[in-house]
Each structure stands twice: as C-alpha cells, then as structure tokens.
Amino acid sequence: RNAFTSREYSESKLQNDVVDELKAAGLVLDEEVLLESWYLIDALVEFSDGRKVAVEVDGPSHFIDMRPTGSTILKHMQVAR
C-alpha cells in the first residue's frame, strides 16, 4: 500500500501548469487527492452537477520509449474503475 500512497511526491512544473490552467478555466478542484483505491491522484475536478473527474498528469518519467510504464498502466486501470 505504501508504494501507492507515499506522501513523498514531487509536483512537477507540468502538473502545476495543468492545475493552474484548470483553475483559470473556472473549474473547482482539489489537488493531491487520495482515492478509496489508495492511489494518490494529481487533481480531482468536481462539476456543479456532482460529477467528479480525476486528473493525472503523466510526464516523461511515466514513459519508456514513448510507451507508458507498467506502473502507469496499472494506476490508470485502477483509477478508471
């Protein structure tokens, strides 16, 4: 479980830029949200109708030869549930 929830994360400039743009667009969001699945996501956007959308900003460290790493694929599959 600790591998998924480590609080020793490092927000990237890309992540900060994406979050700033979402906020500038008027969206309401929480950053670094721990889901029931024990995954920490970059942002959770909540719309006025109650819908929630997870935002995960995947920079270069999430890819090898332009393909997502195994851990990135697993996280996307688990978070999409």
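Everything below is about the structure printed above this text.
Residues numbered from 1 in each chain as written. Predicted model: local features only at pLDDT ≥ 70, side-chain atom pairs only at ≥ 80, totals over all residues. Heavy atoms only, no water.

## Quick word on the sheet that holds strand S2 (residues 40–46)
Okay, so step 1: Spatial strand order, S1-S2-S3: three strands in an open sheet with antiparallel pairing. This sheet does not close on itself; its edge strands, each paired only once, are strand S1 (28–34) and strand S3 (52–55). Taken over all neighbouring pairs, the strand axes of this sheet differ in orientation by 30 degrees on average, direction set aside.
Okay, so step 2: As defined by bridge partners, S1 adjoins S2 across six bridges and the pair is classed as antiparallel. In the strand pairing of S2, Val28 is matched with Glu46. (Pairing = 2+ DSSP bridges. Helix = DSSP H or I, 4+ residues; strand = E, 2+ residues; numbered from the N terminus. Axes fitted to C-alpha atoms, helices over the stretch in contact; angles between N-to-C directions.)

## Describing the nonpolar core
Okay, so step 1: Counting residues in hydrophobic clusters, the biggest one holds seven residues: Val19, Leu22, Leu29, Ala43, Val45, Val55 and Val57.
Okay, so step 2: For this core, the secondary-structure elements that each account for two or more residues are helix H2 (13–24) and S2.
Okay, so step 3: Ignoring any residue separated from it by four or fewer positions in sequence, one finds Ala43 in contact with Val19, Leu29, Asp30, Glu31, Glu32, Val53, Ala54 and Val55. (Core = buried A, V, L, I, M, F, W, Y, C linked by side-chain atoms within 4.5 Å. Buried < 20%, exposed > 50% of the residue type's maximum accessible area, 1.4 Å probe, protein only. Contact = heavy atoms within 4.5 Å.)

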